[in-house]
Amino acid sequence: MKKFVAAATPLLIVLLTLCSGIAFAQQTPGNPGPLRVFLDCHTSGCDFDYLRTEIPYVDYVRDRSDASLHVLVTTQSTGS
């Protein structure tokens, strides 16, 4: 039993070292905050107030250069 413990100890130390390196690599530096969204919607079917109430976990911005995501909504009629 002592031989097993003596042989397994270095392996356990190596595994713990590797796992801790992976865990540190997954962390992000600081809290980036909520996603900043610019909604570009010039159609008649776009209800901006509804979208703001149904998707409250993002920040809606008015200037597209301030946004990290630009959502472009377009419509196209069918051929009939």
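Every chain's residues receive numbers from 1 upward, in the order its sequence appears when written. Restriction of local features to residues with pLDDT of at least 70 applies here, the model being predicted, together with a cutoff of 80 or more for giving and counting side-chain atom pairs; totals for whole chains, interfaces and linings are based on all residues. Side-chain metrics in this entry use all non-hydrogen atoms of the structure; hydrogen atoms and water are not considered.

1. Details of the overall build of the protein chain
Strands here mean DSSP runs of E at least two residues long; helices mean DSSP runs of H or I at least four residues long; both are numbered from the N terminus. A count of helical and extended segments in the protein chain gives two helices and three strands. Listed N to C, the secondary structure of the protein chain is α-β-α-β-β in terms of helices and strands.

2. As for the sheet that holds strand β2 (residues 59-60)
Strand order in this open sheet of three strands is β2-β1-β3, and the pairing throughout is parallel. The sheet terminates laterally at β2 and β3 (69-73), the two strands that pair on one side only. Pairs of strands are assigned from DSSP output, requiring at least two bridges between the strands. With five bridges connecting them, strand β1 (residues 36-41) and β3 associate as parallel partners. In the sheet register, Phe-38 faces β3, and the bridge partner there is His-70.

3. Here's the deal with the pairing of β1
Regular strands show a simple pattern: their side chains alternate between the two faces of the sheet. For β1, the tally of buried residues reaches five of six residues, placing the bulk of the element in the interior. In this sheet, β2 lies alongside β1 in parallel orientation, the contact comprising two bridges. By the bridge assignment, Arg-36 is partnered in β2 with Asp-59. For the handedness criterion, the β-α-β arrangement of β1, helix α2 (residues 48-54) and β2 is classed as right-handed. For the exposure calls, accessible area comes from a 1.4 Å probe over protein chains only, and a residue counts as buried if that area is under 20% of its type's maximum, exposed if over 50%, partly exposed in between. Place the viewer so that the strands point away; then a crossover is right-handed whenever the path from the first strand over the helix to the second strand goes clockwise.

4. As for the state of the cysteines
Sulfur atoms of two cysteines make up a disulfide when they are within 2.5 Å. A full pass over the atoms with the stated rule returns one disulfide. Put simply, Cys-41 and Cys-46 are joined by a disulfide, and their sulfur atoms are 2.1 Å apart. Given a relative accessible area of 18%, Cys-41 falls into the buried group.

5. Things to note about the confidence of the model for the protein chain
In the predicted model, the protein chain carries a mean pLDDT of 75, and the fraction of residues at 70 or more is 64%. No element of the protein chain has a lower mean pLDDT than helix α1 (residues 2-25), at 56, and none a higher one than β2, at 92. pLDDT is defined as a per-residue confidence score from the predictor, taking values between 0 and 100.

6. Looking at the packing of aromatic side chains
The criterion for an aromatic pair is that two Phe, Tyr or Trp rings (for Trp, the six-membered ring) have centres within 6.5 Å, with stacked assigned to planes under 30 degrees apart, edge-to-face to planes over 60 apart and tilted to the rest. If you walk through the whole model with that rule in mind, you get one aromatic pair. Aromatic side chains Phe-48 and Tyr-60 sit 5.6 Å apart centroid to centroid with 75 degrees between the ring planes, which places their arrangement in the edge-to-face category. A residue pair is termed long-range when its members are at least 10 positions apart, and Phe-48 in helix α2 and Tyr-60 in strand β2 qualify at twelve residues. Under the relative-accessibility criterion, Phe-48 is labelled partly exposed at 32%.

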